[in-house]
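Remarks on the overall topology
Next come the chains, spelled out residue by residue.
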Amino acid sequence: MTALVADRIQQLRGRMKESEMDTLLVLSDENRRYLSGFTGEDGGYGESAGALFITENRLVLATDARFDLQAGNQAPLYEIVCYRSGLAVQVAEILSDLKTRCLGYEAARLTCAQFKRFNEKIGAAVEMRDADGLLNGLRMRKDATELDIMKRSLALAEDVFERFVADDLSPGMTEKQAAWILEKRMRESGAEGLAFPVIAAFGDNSALPHAVCGDRPLKPGEPLLFDWGARVDGYCSDISRSFVKGNADDLYKHVHRTVWEARARAIEMIRPGVNARDVDGAARGHIDAAGYKGRFGHGVGHGVGLAIHEPPSVGSTSEAVLEEGMVFTIEPGIYLPDWGGVRLEEMVVVQPDGALILNRLDASVPERH
């Protein structure tokens with residue numbers, strides 16, 4: 001892991017030199033872990049488990065007493081500074097020691113209150129510059145180690161779901177009960193946590209793309225939508241499957257087949273150099289042509305990694321150009337109010353000649369008995 005982190009830092013330093021930033025401040029959980037190995041997590045909005053300071057020849061990890069020993073064990077490449085009076089106070093001292101003149105920071109992570117406190121302590125001697133453009137593409141291309149972890153995370157989530165559908169899912173079970181069983185089984189199977197709260201949506205609730213689980217019971221023949229994922233060694237998996245328990249009617253079969261075909265159209269488009277919005281367009285155009293225009297309201301996919309949603313965005317307004325090693329979801333859907341919805345979500349990795357689907361769980365099945 002240390003060698004992998006060292007390689008990432010070397011690449012980042014090259015980007016910093018091009019941008020003329022002499023110091024980079026890293027606060028987000030995912031970037032902090034990616035660039036140091038430190039797994040401490042922020043406890044709440046505006047709270048930080050620690051900050052990385054990266055320069056051309058120094059690496060500093062500042063944290064508090066809760067994470068002091070953990071940081072030393074997990075981030076051996078870094079000098080560990082344990083602050084006692086708050087990060088804002090320590091920032092000024094660290095930047096002075098590093099002789100910082102231009103500080104890059106994560107604008108998407110730093111709150112207005114934090115920015116104000118940092119400015120007050122740092123003063124005019126240090127220029128603060130938005131570094132999101134430098135950092136945004138940092139984790140998009142997954143290396144072999146990351147890809148192996150993500151495959152294990154996905155396999156765990158899919159294995160659990162197969163057992164859940166075969167052994168547990170039955171008429172009368174509520175959405176809350178279904179979500180809890182899935183969560184429990186993932187944790188029992190070795191997941192360190194959930195990638196996001198499980199979505200179990202029954203009947204017309206499945207027309208809500210991000211439905212909140214309630215007390216609605218499962219009824220045979222109605223649309224069911226599940227969206228779930230595990231977290232393994234920090235990395236997320238993300239899958240959606242839709243089906244009916246029992247016999248599907250003609251409308252359900254048509255909607256399901258349309259979504260499955262849209263998924264296939266999008267995946268066929270994937271290769272290096274393709275604009276992400278064209279992948280979205282392939283799926284959206286098929287859904288529109290099938291008579292469901294306006295019933296697919298979200299983008300066709302998003303990057304997955306240490307965060308459940310990360311670049312690249314794969315939607316109609318995306319500016320991303322696909323590169324080898326990118327991992328993202330393909331998840332077209334059709335949502336009909338007062339009836340229900342269908343979403344089929346795969347995880348794919350961009351390869352030199354196209355896309356490799358990482359899932360093995362069949363998405364084409366409209367009925368499960």
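Here, the structure is the one placed above.
Quick summary incoming for the structure in this document.

How each quantity is defined
- Residues numbered from 1 in each chain as written.
- Predicted model: local features only at pLDDT ≥ 70, side-chain atom pairs only at ≥ 80, totals over all residues.
- Heavy atoms only, no water.
- Helix = DSSP H or I, 4+ residues; strand = E, 2+ residues; numbered from the N terminus.
- Rg over C-alpha atoms; globule rule 2.2 N^0.38 Å.
- Contact = heavy atoms within 4.5 Å.
- Areas by Shrake-Rupley, 256 points an atom, 1.4 Å probe, with all protein chains shown as cover.
- Salt bridge = Lys/Arg side-chain N within 4 Å of Asp/Glu carboxyl O.
- Buried < 20%, exposed > 50% of the residue type's maximum accessible area, 1.4 Å probe, protein only.
- Axes fitted to C-alpha atoms, helices over the stretch in contact; angles between N-to-C directions.
- Parallel < 35°, antiparallel > 145°, perpendicular 65-115°, else oblique.
- Left-handed = near helix turned anticlockwise from the far one by under 90°.
- Core = buried A, V, L, I, M, F, W, Y, C linked by side-chain atoms within 4.5 Å.
- Pairing = 2+ DSSP bridges.
- Arc of directions from axis to C-beta.
- Phe/Tyr/Trp six-rings, centres within 6.5 Å; stacked < 30°, edge-to-face > 60°.
- Right-handed = clockwise from strand over helix to strand, strands pointing away.
- Expected span 1.5 Å × (residues − 1).
- Polar contact = N/O pair within 3.5 Å; in protein donor to acceptor, adjacent residues only side chain to side chain.

Looking now at the overall build of the chain. Each helix and strand counted, the chain has 10 helices and 20 strands in total. For 369 residues, the compact-globule formula gives about 21 Å, and the C-alpha radius of gyration of the chain, at 23 Å, lands near that figure. A principal-axis box enclosing the C-alpha atoms of the chain has dimensions of 70 × 40 × 35 Å. A fraction of 67% describes how many contacts in the chain between residues 6 or more apart in sequence connect residues 24 or more apart. Accessible area of the chain: about 15,900 Å², with a carbon and sulfur share of 49%.

What follows is about the pattern of salt bridges. Here the structure, examined in full by the defined rule, presents 28 salt bridges. Between arginine 58 and aspartate 97 there is a salt bridge; the shortest N-O distance is 2.7 Å. Residue arginine 58 is located in the loop between β2 (51-55) and β3 (59-63), and its partner aspartate 97 is located in helix α4 (residues 87-98); the two are separated by 39 residues in the primary sequence. Classification of arginine 58 as partly exposed rests on a relative accessible area of 23%. Judged by relative accessible area, which is 44%, aspartate 97 ranks as partly exposed. With its nearest N and O atoms 3.3 Å apart, the salt bridge here joins arginine 216 to glutamate 222.

Let's shift gears to the packing of helix α7 (residues 144-167) against helix α8 (residues 175-188). Orientation of α7 relative to α8, taken along the N-to-C sense of each, is 130°, at an axis distance of 9 Å. Comparing their axes, α8 and α7 come out oblique. The chirality of how α7 crosses α8 is right-handed. Together, Leu156, Ala157, Val160, Phe161 and Phe164 of α7 and Ala178, Ile181, Leu182, Arg185 and Met186 of α8 make up the contact between the two elements.

To continue, consider the nonpolar core. One finds Ile54, Met186, Phe226 and Trp228 to be the most contacted residues of the largest nonpolar core, which totals 98 residues. Counting residues per element, this core draws most heavily on α7, which supplies 10 residues. Apart from the residues lying within four places of it in its own chain, the contact partners of methionine 186 are Leu156, Ala157, Val160, Ala191, Leu194, Val198, Trp228, Gly229 and Ala230. Tyr83, Ile94, Leu95 and Leu103 belong to the second largest nonpolar core, which has 20 residues in total.

In space, the 6 strands of this open sheet follow the order β4-β3-β2-β1-β5-β6, with mixed pairing throughout. Each edge of the sheet is formed by a strand with only one pairing partner; in this case those strands are β4 (79-82) and β6 (127-130). The mean angle between the axes of side-by-side strands here comes to 25°, regardless of whether they run parallel or antiparallel. Bridge count for strand β1 (residues 23-26) against strand β5 (residues 102-105) is 2 bridges, and the pairing is parallel.

Our next topic: helix α5 (residues 112-122). Every buried residue of α5 is accounted for by Gln114, Phe118 and Ile122. Buried residues in α5, looked at end-on, bunch into an arc of 55°, giving them a common side. Opposite its buried face, α5 presents the exposed residues Cys112, Lys116 and Glu120, each directed more than 90 degrees away.

For the structure shown, the criterion picks out 10 aromatic pairs. Pairing phenylalanine 38 with phenylalanine 67 gives two aromatic rings, centres 5.9 Å apart and planes at 85°, and the pair type is edge-to-face. In this pair, phenylalanine 38 is assigned in the loop between α2 (29-36) and β2 and phenylalanine 67 in the loop between β3 and α3 (68-74), connecting sequence segments 29 residues apart. A relative accessible area of 0% places phenylalanine 38 in the buried class. With 6.0 Å between their ring centres and 40° between their planes, tyrosine 252 and tryptophan 339 make a pair best called tilted. Of this pair, tyrosine 252 sits in helix α9 (residues 250-269) while tryptophan 339 is found in the loop between β16 (333-336) and β17 (340-343), placing the two residues 87 residues apart along the sequence.

As a further point, take the pairing of β4. Summarising the sheet, β3 and β4 pair through 4 bridges and their orientation is parallel. Looking at the pairing, valine 60 lines up with glutamate 79 of β4. Each parallel crossover has a hand, and the one from β3 via α3 to β4 is right-handed.

Taken in spatial order, the 4 strands make up an open sheet running β8-β9-β12-β20, and their pairing is mixed. Single-partner strands in this sheet number two, and they are β8 (199-202) and β20 (367-368). As paired strands, strand β12 (residues 239-245) and β20 are joined by 2 bridges and run parallel to one another. By the bridge assignment, valine 244 is partnered in β20 with glutamate 367.

This brings us to α9. With 20 residues, α9 ought to run about 28 Å at 1.5 Å a step, and its terminal C-alpha atoms sit 29 Å apart, in line with that. Three or more residues of α9 are buried, namely Tyr252, Val255, His256, Thr258, Val259, Ala262, Arg263, Ala264, Ala266 and Ile267. Residue aspartate 249 occupies the N-cap position of α9, its side-chain oxygen lying 3.3 Å from the main-chain nitrogen of leucine 251.

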